[in-house]
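# A closer look at the structure
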Amino acid sequence: MQALLKLFKFLRPHWRFTVMAPVLMLCEVVLDLMQPRMIQRIIDYGVARSDTQMVLGTAFLMLCFMALSGLCGLGCGYFAVRAAYGLGGDLRAALFRKVQTLSFGNLDNLETGALITRLTSDVNKVQEMVMMMMRGMVRMPLLMVGSLVMATVISPRLGLIFIVILPALTIALSMIIRKTFPLYRQVQEGLDGINTVLQENLAGVRVVKAFARSEHESLRFATANNTLIQRMTDAVRMSSRTTPVMMLTLNIGVVAALWIGAGQVQTGGMRVGELVAFINYLGQAVITLMMFSTLTIQISTAQASARRVLELLDSEPMLMTPTQKQQFPSRPSGKVVFDNVSFNYSSASQDMVLKNISFEAEPGQTVAILGATGSGKSTLVQLIPRFYDVSEGCVTLDGMDVREIPEEELRRHVGIALQESILFSASIKNNIRLGEPDASMEKLTTAARNAQADEFIRNIPDGYEALVGQRGVNLSGGQKQRLAIARALLLQPSVLILDDSTSAVDVQTESLIQEALERNSYRQTRFIVAQRISSVLNADKILVLDNGEIIAQGTHYELLEACDVYREIYESQTENGVLIYSGN
Ligand SMILES: Nc1ncnc2c1ncn2[C@@H]1O[C@H](COP(=O)(O)OP(=O)(O)OP(=O)(O)O)[C@@H](O)[C@H]1O
Ligand SMILES: [Mg+2]
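Residues numbered from 1 in each chain as written. Chains lettered and ligands numbered in written order. Predicted model: local features only at pLDDT ≥ 70, side-chain atom pairs only at ≥ 80, totals over all residues. Heavy atoms only, no water.

## Thoughts on the domain arrangement of the protein
By a widely used convention, the size of an interface equals the accessible area lost when the partners come together. Test applied: Where each domain starts and ends follows an automatic or database-derived domain assignment.
The domain boundaries assigned to the protein delineate domain 1 (11-314) and domain 2 (336-420 + 492-579). The C-alpha centroid of domain 2 is placed 60 Å from the C-alpha centroid of domain 1.

In structure tokens form, the structure reads like this:
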């Protein structure tokens, strides 16, 4: 209940609707409570005295009240929907904003699938629950107390029946709820299970097909689906016991009321109409109690959703923004220094991913990073734009610890083409100018030309306006990589990082890109992560990384002399002293 209540603060901007809904519900309840009283009038004063006028008049009044109560119900529904949907929209927006503020470390912990569920079905469930609570949570207690009061007013003695029946029913219902609740929780878990299977499969449907696993995956889905059906059946079977229990209690109550009431009617202590009205109120109270129990179950199953939403909402970004603002040059020279840096993704594991990394990159230098897969190359370069914070030591840009530079500023000066090129379903133009949305067309084409992307873009029918993604053009791996490079180049950053960004580009094109970078009019420090020796030949400094440690650094010729690992890599890529992969 607590998690759900905490989310109620999102109703504040919609307080008008939030207030209107219960007010109208109150009107509806009052009108509904009048109905049995009017039936009583018809019986006791109309029928008993054969007063047709009276019968017709009261019946007409009843109709009017019914219509009015219906209107109030509609209005309440409308306002409850407006308030709940408003809350849902705001909640989704808040969650989305939250995800944007999280750092890479947070995002590693929250799976994308789970994130999507939180922003869609979890929010929906909270929204639906708020709507039901706004209606049910007001209606039910009011109707219950109202019926009790009205019935007692009619006959205090018969009112005693309520005192016996309602607690008995409450005990019976809560016993059923206690058994049903775990079942519904299992249903929820089953639903989550199905979601996982679905998400994995829909995202990876190509792999499933490529490896002819369709049948196996269908079976996996069928199992999850059948489990869910079974659990749902169990839960519904258990909760369907409430109806007979309620009917039995109600009937016992009616019999008791008739038994006692009939005696009173005979002795003249009570009118027939009053007895009928009393039984009506009894029915209303019992049905309300049953609906209340159903609502309780639904609210408790929505708890899990509310908790998941809150968990995301309350998660704190792992990187803290610097507290004291320091002056940072508007155009840093691009000197990057790693001073005894060690890094680990989680503090739990002992073995460091990067160990005691120290090196300096002078402004304008090109630093290449070479090493086996998993040696920590990507990890190392991601510390420069501060995707993660170092565990020990420090990384500085222009002599300032990157932790003290505001994130936005830092990322404006550090351009990175990630190892996995990710494009958005937008035009090629907007994909390139992601970091600077109002970049001029001239700047855009220069960046594309330097990334050797301009030519192929112009060969696409719509050119720069062509849409990328599901409803647009599909690009090859190498084309995507070149767009990612253009995206980084557009920022004209002081530090440019290309993380294995030319792995899918042919060697000829790669050397064209390198030549274009050399011709750059502005000074730029470059980090190039690569697998091919040909990519790093001209670097001012090559770092050879092995298992998170720099085992050697120097120029190509220095390393050929001094580093066995480097020589081995070199020899594996040469034939009779000539590079196998070479531009010329
Ligand atoms: N987000 C992450 N969370 C936890 N561990 C990670 C994460 N990313 C990478 N690692 C681990 O850190 C180590 C270094 O990974 P890294 O991606 O830096 O290697 P790499 O040298 O770039 O490899 P490749 O050449 O394959 O790109 C690996 O053992 C990897 O399992
Ligand atoms: Mg990598």
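Still more ground to cover, so stick around.
## Observations regarding the environment of Q573
We apply this condition: Elements are defined by DSSP. Helices are runs of H or I of four residues or more, strands are runs of E of two residues or more, and each kind is numbered from the N terminus. Any pair of nitrogen or oxygen atoms within 3.5 Å is treated as a polar contact; in protein, a donor-acceptor pairing is required on top of that, and neighbouring residues in sequence qualify only through side-chain atoms on both sides.
Mapping Q573 onto the fold places it in the loop between α20 (564-572) and β11 (574-575). Distance from Q573 to Q230, taken between C-alpha atoms, is 59 Å for residues 343 residues apart in sequence. In this structure the side chain of Q573 is engaged in a polar contact, spanning 2.8 Å, whose partner is the backbone nitrogen of I533.

## Quick look at the coordination of the magnesium ion (ligand 2)
Rule in force here: Atoms are scored as donors when they are N, O or S and lie within 2.8 Å of the metal, with 3.2 Å used for Na, K and Ca; no water is included, so coordination may look incomplete. Accessible area is worked out with a 1.4 Å probe on protein chains only. A residue is then buried under 20% of its type maximum, exposed over 50%, and partly exposed in between.
The magnesium ion (ligand 2) binds to the protein through S378 (OG) and Q419 (OE1); the donor distances cover 1.9 to 2.2 Å. With S378 in helix α11 (residues 377-382) and Q419 in the loop between β6 (414-417) and α13 (428-432), this residue pair connects regions lying 41 residues apart in the sequence. Residue S378 is classed as buried on the basis of its relative accessible area of 19%. Owing to a relative accessible area of 43%, Q419 belongs among the partly exposed residues under this scheme.

## Examining the site of ligand 1
For clarity, the cut-off: Distances are taken per atom, and a residue is near a molecule or strand as soon as one of its heavy atoms is within 4 Å of it. Note on areas: these come from Shrake-Rupley sampling with a 1.4 Å probe, and a residue is covered only by the protein chains present in the view. Side-chain classes follow a simple rule in which Ala, Val, Leu, Ile, Met, Phe, Trp, Tyr, Cys and Pro form the nonpolar group, Asp, Glu, Lys and Arg form the charged group, and the remainder, Gly included, forms the polar group.
Every one of the 14 residues lining ligand 1 counts as a neighbour, but T373, K377, S378, T379 and Q419 are closest to it. In this structure, a nitrogen atom belonging to ligand 1 sits 3.0 Å away from a side-chain N or O atom of D108. A total of 640 Å² of accessible area belongs to ligand 1 in isolation, and the protein chains cover 62% of it. With three residues, the top contributor of residues to the shell around ligand 1 is α11. Its residues assigned to classes, the shell around ligand 1 comprises four nonpolar, eight polar and two charged.

## Focus on the nonpolar core
Note the threshold: For the purposes of this section, nonpolar cores are sets of buried Ala, Val, Leu, Ile, Met, Phe, Trp, Tyr and Cys residues that join through side-chain atoms within 4.5 Å. Whether two residues are in contact is decided by their heavy atoms, any of which lying within 4.5 Å being enough.
Ranked by size, the top nonpolar core spans 72 residues in total, and within it L7, L91, V126 and L312 carry the most contacts. If you list the elements that add at least two residues to this core, you get α1 (2-7), α2 (15-47), α3 (52-101), α5 (112-154), α6 (156-203), α9 (242-267) and α10 (272-314). Looking at which element gives the most residues to this core, the answer is α10, with 17 residues. Not counting chain neighbours up to four residues away, the residues in contact with L312 comprise L95, K98, V99, L102, L110, L115, R118 and L119. Listed in part, the 33 residues of the second largest apolar core include I369, M400, V414 and L543.

## Digging into the packing of α2 against α10
Heads up, the condition is: Helix axes are fitted only over the stretch in contact, all axes being lines through C-alpha atoms; the angle between N-to-C directions runs from 0 to 180 degrees. An angle counts as roughly parallel when it lies under 35 degrees, as roughly antiparallel when it exceeds 145, as roughly perpendicular when it falls between 65 and 115, and as oblique in every other case. By convention, the crossing between two helices is left-handed when the near helix turns anticlockwise from the far helix through less than a right angle, and right-handed when the turn is clockwise.
Remark: α2 packs on α10, axes separated minimally by 7 Å, with the N-to-C direction vectors making an angle of 160°. Classified by the angle between their axes, α2 and α10 sit roughly antiparallel to one another. At the point where α2 passes α10, the crossing takes the right-handed sense. On α10, the residues touching D32, L33, P36, R37, I39, Q40, I43 and D44 of α2 are V272, G273, E274, V276, A277, N280, Y281 and Q284. Residues that form the contact of α2 with α10 fall into these classes: eight nonpolar, four polar and four charged.

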